[in-house]
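Coordinates in review
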Amino acid sequence: MRVFSKVVFCCILIFVAALFKKAKAQDAWIRINQLGYELSGIKVGVWAGKNGAPPAEFQLIDAKTAAVVFTGNTGKPFGGYGPFKQSYRLDFTKFNKPGSYHVKCGNIVSPEFRLADDIYKGTADFCLRYMRQQRSGFNPYLNDSCHTKDGFTMYGPMADGTHIYASGGWHDASDYLQYVTTSANATYHLLAAYRDFPGVFTDTHQGNGLDGNNGVPDVLDEAKWGLDWLLKMHPKKDWMFNQLADDRDHAGLRLPAKDSVDYGMGKGNGRIVYFANGKPQGLGKYKNRTTGVASTAGKFASAFALAAVLYEKTDTALARLFRNRSVSAYDLGLAKPGVCQTAPNLAPYFYEEDNWTDDMELASAALFRLTGQKKYLKQSLQYSAEEKVTPWLGADTARHYQWYPFHNFGHYELARETDTKTKAELISYYKEGIEKVWAKAKNNAFYRGIPFIWCSNNLTTSFAIQCALYRKLSGDKTYATLEQACIDWLFGCNPWGKCMIYGLPANGDTPKDPHSSLAFLYHYPLDGGLVDGPVYGSIFKNLRGLRLNKPDAYAEFQSDLVVYHDDMGDYSTNEPTMDGTASLVYLLAGKAYEERIGKKVTESRGVIIRGDTTFKKIALVFTGDEFGDGAQFIANTLKQQRIHGSFFLTGNFYRNKDFKKQITQLKLDGNYLGSHSDKHLLYCDWNNRDSLLVTRQQFDQDIKNAYQELKKFNIDEKQAHYFLPPYEWYNDTIASWTRSMNLQLVNFTPGTRSNADYTFPEMGVKYVDSDAVMKSVLDYEQKDKNGLNGFILLTHIGTDPKRKDKFYAKLPYLITALKNKGYQFVKIDELLRQDKPGTPVGY
């Protein structure tokens with residue numbers, strides 16, 4: 001009996017000790033980005049504790065072998081934040097081996113996460129699932145239709161209660177209201193994502209959102225859904241509507257197809273459509289503070305203008321319609337400057353937008369890009385100076401959607417269209433705003449400088465986009481760590497260890513009980529939806545109708561500063577939003593594009609200059625304008641060697657009847673034929689590279705003319721997606737203009753003298769003979785650590801008769817020599833082709 005008692009007593013002691021150890025371990029946590037980290041990216045976790053401090057070192061642990069693979073210093077203490085008394089940043093950026101890992105610091109271990117070069121692959125497409133689920137009219141997720149009788153007008157020049165056909169678009173959040181201000185902004189982000197990040201999106205859905213494909217990337221299908229509804233809200237040049245439905249919508253949980261709220265026309269007989277008359281509106285107790293229509297008109301105009309550019313090549317009639325609507329919307333903004341806020345009814349909550357010049361700046365920049373008319377450029381520059389910095393940046397608080405959109409896309413679009421001095425000024429506006437946030441962020445371990453107002457996740461997403469746009473325009477990576485900290489926050493590196501996107505990543509701690517009828521009543525997943533995010537404790541305490549339906553699983557991480565609840569009853573922190581998700585699509589597409597292009601190829605000023613250096617593949621590239629004496633010899637050599645080359649020829653070359661036979665043979669033999677411009681214009685100054693020698697209109701017209709010549713050989717823009725600039729000379733602006741035409745600028749890989757094969761003796765010291773050219777190529781192959789892997793080796797299809805020493809005559813020797821070293825010769829599109837992006841890893 002005594003022995004048994006001793007055994008029991010010892011067991012109790014062990015159990016109590018274990019409990020004590022467990023309780024002690026829960027005094028600290030390691031927060032990480034649960035989606036994972038890019039191999040060459042910034043990698044930081046956060047140790048946060050309620051008592052004491054961590055050891056001086058932390059370890060990175062291989063999740064499969066439990067081996068320590070990296071040890072780092074915990075660094076400086078950042079002090080308390082929210083519920084924590086102490087915090088540290090754990091930086092393991094230097095480690096770049098792919099795999100699955102944990103961060104361990106003392107007895108505290110993080111969740112498992114990945115290091116890989118495809119972390120963001122498919123994530124933007126994943127978020128499009130939520131956009132499709134938000135569709136009004138026909139809803140592909142439910143395979144049902146809703147709100148087909150919308151709507152009846154109010155405040156317009158027509159009689160109140162006049163019916164117009166306004167069905168379509170997206171529900172704004174988990175309610176079923178629809179706003180132009182958020183829908184137009186979302187549409188612009190989707191269109192810009194399609195334009196700026198080619199090749200990122202897949203085609204797995206039809207235009208109506210159902211499974212299948214239609215030859216159009218899904219992001220453009222989704223943007224088109226938004227555009228179709230916006231056309232209904234601006235049906236003719238002097239009619240503009242701002243809102244569909246109001247907060248009478250908040251009448252309980254139901255599916256959208258079962259929405260029977262009575263807006264005064266009988267239950268289920270259509271909802272109110274608010275005309276944008278530029279005056280305060282509100283049909284119930286509360287009214288907004290509207291002063292004009294420019295904030296809405298500017299968003300209309302920018303979305304339509306970008307759409308007109310993108311559809312110009314595929315549907316000229318539709319592009320013309322978008323162009324006309326863009327101009328008419330912009331004119332309404334000029335006629336009625338001021339803000340057009342959303343209309344409340346039963347409650348005092350509405351989108352309290354107080355700025356509008358940012359919307360008109362973007363609209364006029366987009367119209368200048370579309371039309372080339374200098375008046376729009378002048379107006380855009382004037383608007384840009386009126387709001388240099390989006391006012392919430394650096395502020396501690398703001399009213400709901402007071403400064404919207406949350407970042408100014410206009411500065412970016414305008415900077416791509418202006419001279420170097422003006423571009424630098426616009427970049428400085430971005431930098432000033434970022435600095436305001438950084439001044440707050442640098443004082444805490446999460447690098448958090450964004451106010452916890454309603455929809456803080458939307459602000460976080462937009463701020464990360466602004467950092468990315470600044471980095472892209474300036475080349476300055478000073479704020480790259482701050483940019484990444486915002487992304488890390490969204491994926492779980494925050495006080496709650498909570499990912500803020502439903503279902504992403506698949507194995508992460510993502511929202512499980514969002515504020516949504518679809519999720520609450522039917523347990524439908526809201527894949528890809530970005531929830532509102534944390535708010536100040538004071539906001540949570542004072543909003544109407546908030547309640548928690550269950551015990552708070554994150555209670556120990558709440559504080560007077562900030563709260564987040566994964567609870568259906570908290571509409572302030574856990575309700576997904578359509579416009580926030582659309583912005584997230586742009587952000588994640590940008591990250592995926594950088595992975596896909598930046599990690600696999602080498603870029604300079606946004607131009608691809610080398611392919612993947614991990615494979616022994618070379619693209620032989622030939623350019624030509626007035627001379628083509630080597631065309632037949634080169635064509636025969638490639639055919640004899642059973643390889644293909646890539647030919648970038650000017651419109652002058654394609655039009656030349658003397659070259660038609662050789663061009664036809666090159667095409668029949670399977671070589672790549674692309675454009676080298678039409679008239680072989682010099683785009684920028686040789687000595688002052690940032691100084692443009694052509695206008696945007698001249699550039700666009702020259703490219704259009706060039707591709708007209710390609711079409712005579714049955715080659716379209718998709719087949720000739722890569723464009724090589726004349727004189728192989730370009731700058732950031734030329735690269736940007738090329739991207740906006742859905743083309744990708746490429747150039748030769750530097751390091752050899754192959755591109756000097758055009759020189760002749762009369763040029764003096766510039767002359768390079770063919771033996772010297774050959775030696776430079778073979779020497780580079782020997783000396784560079786990657787050899788000629790991924791090389792774009794440029795020579796000319798013909799040269800001035802003054803050059804008797806033709807390098808193309810040495811091609812058979814060069815090709816054979818490199819084949820013997822194991823190199824494969826491929827076309828430019830094969831060299832730069834990447835695997836098609838798919839669904840998120842782990843889904």
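Description of the structure in this document. (Residues numbered from 1 in each chain as written. Predicted model: local features only at pLDDT ≥ 70, side-chain atom pairs only at ≥ 80, totals over all residues. Heavy atoms only, no water.)

With that out of the way, let us pick up the overall build of the protein chain. Regarding its fold elements, the protein chain presents 23 helices and 26 strands. For 843 residues, the compact-globule formula gives about 28 Å, and the C-alpha radius of gyration of the protein chain, at 30 Å, lands near that figure. When the backbone C-alpha atoms are referred to their principal axes, the protein chain occupies close to 95 × 90 × 45 Å. Counting over 843 residues, the protein chain shows a buried share of 60%. (Helix = DSSP H or I, 4+ residues; strand = E, 2+ residues; numbered from the N terminus. Rg over C-alpha atoms; globule rule 2.2 N^0.38 Å. Buried < 20%, exposed > 50% of the residue type's maximum accessible area, 1.4 Å probe, protein only.)

Attention now moves to the side chain of Ser517. Residue placement: Ser517 occurs in helix H13 (residues 517-522). You can call Ser517 buried: its relative accessible area is 5%. Engagement of the side chain of Ser517 in a polar contact is seen with the backbone nitrogen of Arg254, the distance being 3.3 Å. Contact partners of Ser517, with chain neighbours within four places excluded, come to Tyr176, Leu253, Arg254 and Tyr522. (Polar contact = N/O pair within 3.5 Å; in protein donor to acceptor, adjacent residues only side chain to side chain. Contact = heavy atoms within 4.5 Å.)

This part covers the packing of helix H7 (residues 357-371) against helix H8 (residues 374-386). Running from N to C, H7 and H8 cross one another at 155 degrees; their axes reach a closest spacing of 8 Å. Classified by the interaxial angle, the pair formed by H7 and H8 is roughly antiparallel. Regarding H7 and H8, the two cross each other, and that crossing is left-handed. On the side of H7, the interface is formed by Thr357, Met360, Glu361, Ser364, Ala365, Leu367, Phe368 and Thr371, while H8 contributes Lys374, Tyr376, Leu377, Gln379, Ser380, Tyr383, Ser384 and Glu386. The residue makeup of the contact of H7 with H8, split by class, is seven nonpolar, six polar and three charged. (Axes fitted to C-alpha atoms, helices over the stretch in contact; angles between N-to-C directions. Parallel < 35°, antiparallel > 145°, perpendicular 65-115°, else oblique. Left-handed = near helix turned anticlockwise from the far one by under 90°. Nonpolar A, V, L, I, M, F, W, Y, C, P; charged D, E, K, R; others polar.)

The next subject is the sheet that holds strand S3 (residues 44-49). One open sheet accounts for three strands, arranged S1-S3-S6; its pairing is antiparallel. Lying at the two open borders of the sheet, with one neighbouring strand each, are strand S1 (28-31) and strand S6 (86-91). Averaged over neighbouring strand pairs, the angle between their axes works out to 20 degrees when direction is ignored. When S1 meets S3, the two strands line up antiparallel, connected through four bridges. Across the sheet, Ala28 pairs through a bridge with Gly49, a residue of S3. (Pairing = 2+ DSSP bridges.)

On the basis of which strands lie adjacent, the open sheet formed by four strands has the order S12-S15-S14-S13 and mixed pairing. Of all the strands in the sheet, just strand S12 (152-154) and strand S13 (178-179) have a single pairing partner and so form its edges. Sheet analysis places S13 next to strand S14 (residues 241-244), joined by two bridges and oriented antiparallel. If you follow Tyr179 over to S14, its bridge partner there is Gln243. Where helix H4 (residues 218-233) meets the sheet, its contacts fall on S13, S14 and strand S15 (272-275), and the angle it forms with S14 comes to roughly 115 degrees.

Bridge count between strand S4 (residues 57-62) and strand S7 (residues 99-105): four bridges; the pairing is antiparallel. Directly across from Gln59, in S7, lies its bridge partner Lys104. With three bridges connecting them, S7 and strand S9 (residues 113-116) associate as antiparallel partners. Residue pairing across strands places Ser100 opposite Arg114, the latter belonging to S9. Judged from the two bridges that link them, S7 and strand S8 (residues 108-109) form a sheet pairing that is antiparallel. When the sheet's bridge partners are listed, Lys104 is paired in S8 with Val109. The turn joining S7 and S8, which pair antiparallel and follow one another in sequence, is formed by two residues; a positive phi near 65 degrees is taken by Gly106.

By the criterion of burial, S4 is predominantly enclosed, with five of the six residues buried. Judged from the five bridges that link them, S4 and strand S5 (residues 68-73) form a sheet pairing that is antiparallel. Bridge pairing in S5 links Phe58 to Gly72. Once S4 ends, the chain turns through five residues before running back antiparallel as S5, passing Ala66 with a positive phi of about 65 degrees.

All right, on to helix H18 (residues 660-668) then. The set of residues buried in H18 consists of Gln662, Ile663, Gln665 and Leu666. Summarising the axial view, the buried residues of H18 lie within an arc of 160 degrees, below the 170-degree limit, and thus occupy one face. Relative to its buried face, H18 has exposed residues pointing more than 90 degrees away, namely Lys660, Lys661 and Leu668. Looking at the buried side of H18, the elements it contacts are helix H16 (631-641), strand S21 (646-649), helix H17 (651-655) and strand S22 (672-675). A positive phi of about 90 degrees marks Gly670, the residue just after H18. (Arc of directions from axis to C-beta.)

Quick look at the pattern of salt bridges now. Counted under the stated rule, the structure contains 38 salt bridges. Glu222 is the partner of Arg135 in a salt bridge, and the nearest nitrogen-oxygen pair spans 2.8 Å. Here the residue Arg135 occupies a position in the loop between helix H2 (123-133) and strand S10 (137-139), and Glu222 occupies one in helix H4, the gap between them amounting to 87 residues. Summarising the burial analysis for this pair, Arg135 and Glu222 share the class buried. For the salt bridge of Glu352 with Arg399, the shortest nitrogen-to-oxygen distance reads 3.0 Å. (Salt bridge = Lys/Arg side-chain N within 4 Å of Asp/Glu carboxyl O.)

Moving on: the environment of Gly790. As for its placement among the helices and strands, Gly790 is situated in the loop between helix H21 (770-783) and strand S25 (791-796). With a relative accessible area of 0%, Gly790 lands in the buried category. Excluding its chain neighbours within four sequence positions, the residues that come into contact with Gly790 are Arg610, Gly611, Asp612, Phe615, Lys617, Thr749 and Leu831.

Where burial is concerned, most of helix H20 (residues 732-740) is hidden: eight out of the nine residues are buried. Buried within H20 we find Thr733, Ile734, Ala735, Ser736, Trp737, Thr738, Arg739 and Ser740. The N-capping residue of H20, defined by a side-chain oxygen 3.1 Å from the backbone nitrogen of Thr733, is Asn731. Looking one or two residues beyond H20, the residue adopting positive phi is Asn742, at roughly 65 degrees.

So yeah, pure geometry; function would need other evidence.
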